[in-house]
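What the coordinates show
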2 protein chains.
Amino acid sequence: MNINKYRNLGIKLTPQRLAVLDYLEGKKSHPSAEDIYQAVKKQFPTISIATVYNILETLKQNELIQELRTGPYKKRFDPNTSWHHHLLCTGCNRVEDVAIKKIPEIAAGEGQGFEISKVHVEFYGLCQKCRLKKNQEVKR
Amino acid sequence: MNINKYRNLGIKLTPQRLAVLDYLEGKKSHPSAEDIYQAVKKQFPTISIATVYNILETLKQNELIQELRTGPYKKRFDPNTSWHHHLLCTGCNRVEDVAIKKIPEIAAGEGQGFEISKVHVEFYGLCQKCRLKKNQEVKR
DNA sequence: TTGGATGCAAAAGATTTGCACTCCC
DNA sequence: GGGAGTGCAAATCTTTTGCATCCAA
């Protein structure tokens, strides 16, 4: 972990925040608040889940992470704030990053006065693992 | 309401189910379970929210409605089960249907073994109403 | 008649809130 | 030193579950 890297983010640096930032750094697994809480608790046994939510909210406000509202029933957080999209497995709820060929556009006359700031594409399907599992069930 | 229309849906028809179907018929507002509950309660004061959830789950299983997991914190239901996408207002959480120019595709070599069954595009932005409101706040 | 549907209440899960205490800038 | 951040507990909100009763087919 490198504190200096986080110096100029515009947020007050606390040990808890550093721990969350450090945990998320480069993570590709789109962890939930609970996942993050469990991980950070190893370093800070007294940290509370409310603090984790506070921190995640702050990081989101400062565009250091993205919040995904996809998949079943909880928020998930993504340290990759660059423009990207997701593959969602309907079998195991895995979320994977994915690149697309071309940014989708709204059809002519359909914008309804919206000022679009972000486009997010979700591909729903079955991951390889779940597909194999399903095939085995069918054969059985 | 036309009971006959619903005759061959493959589900047992109860008055509560008919009321929910009837309420959703043609709705473009993507109501939540609570919205539906409040509306149907006018006709069936004794209906319970659990029953509403049961019914919505059944309708979803039978592909009579779609469930959206988008926007802030609750499920929303859409009687339009055809292929479409959404505009999401980050100001007021309004959800509007929208058509797109071209179905997005995954970039070469990015599929990761997923078998894609559905693509959903979310356009985040501010609706006209919220944009005006924001402008007024800035000027003030 | 009978299995699935309903209604109620309680439980569960995720997130938020209020508030006193702490500590980073 | 002061204001923002933290920890704790309780509250809230949405959804699910268990179970006795009911009713559509």
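Here, the structure is the one placed above.
Note that the coordinates shown come from a computational prediction; the quantities given were computed from them, not determined experimentally. (Residues numbered from 1 in each chain as written. Chains lettered and ligands numbered in written order. Predicted model: local features only at pLDDT ≥ 70, side-chain atom pairs only at ≥ 80, totals over all residues. Heavy atoms only, no water.)

Quick look at the sheet that holds strand 5 (residues 115-126) of chain B now. Pairing within the open sheet is mixed, and its six strands lie in the order 4(A)-3(A)-5(A)-5(B)-3(B)-4(B). Bordering the open sheet on either side are strand 4 (95-98) of chain A together with strand 4 (95-98) of chain B, each of which pairs with just one other strand. Adjacent strand axes in the sheet meet at a mean angle of 30 degrees when their direction is disregarded. (Pairing = 2+ DSSP bridges. Helix = DSSP H or I, 4+ residues; strand = E, 2+ residues; numbered from the N terminus. Axes fitted to C-alpha atoms, helices over the stretch in contact; angles between N-to-C directions.)

Opposite the 41 residues of chain B that make contact, chain A presents 41 residues. Summed over both sides, the interface between chain B and chain A buries roughly 3700 Å², with carbon and sulfur atoms accounting for 56% of that surface. The interface formed by chain B and chain A includes four salt bridges. Salt-bridge contacts for A:Arg131 lead to B:Glu115; the nearest nitrogen and oxygen are separated by 4.0 Å. Remark: the boundary between chain B and chain A carries 18 residue pairs in polar contact (both at pLDDT 80 or more). Taken together, the elements giving at least two residues each to the side of chain B that touches chain A come down to strand 3 (85-89), strand 4, strand 5 and helix 4 (128-139) of chain B. By residue number, the principal contributor to the side of chain B that touches chain A is strand 5 of chain B, which donates 12 residues. Residues of the side of chain B that touches chain A, tallied by class, amount to 19 nonpolar, nine polar and 13 charged. (Contact = heavy atoms within 4.5 Å. Buried area = accessible area lost by both parts, 1.4 Å probe. Salt bridge = Lys/Arg side-chain N within 4 Å of Asp/Glu carboxyl O. Polar contact = N/O pair within 3.5 Å; in protein donor to acceptor, adjacent residues only side chain to side chain. Nonpolar A, V, L, I, M, F, W, Y, C, P; charged D, E, K, R; others polar.)

Residue and element names in this part refer to chain A. With respect to the helices and strands, His84 occurs in the loop between strand 2 (76-78) and strand 3 (85-89). Judged by its relative accessible area of 10%, His84 falls in the buried class. Of the polar contacts made by the side chain of His84, one reaches the backbone oxygen of Ser82; its length is 2.7 Å. (Buried < 20%, exposed > 50% of the residue type's maximum accessible area, 1.4 Å probe, protein only.)

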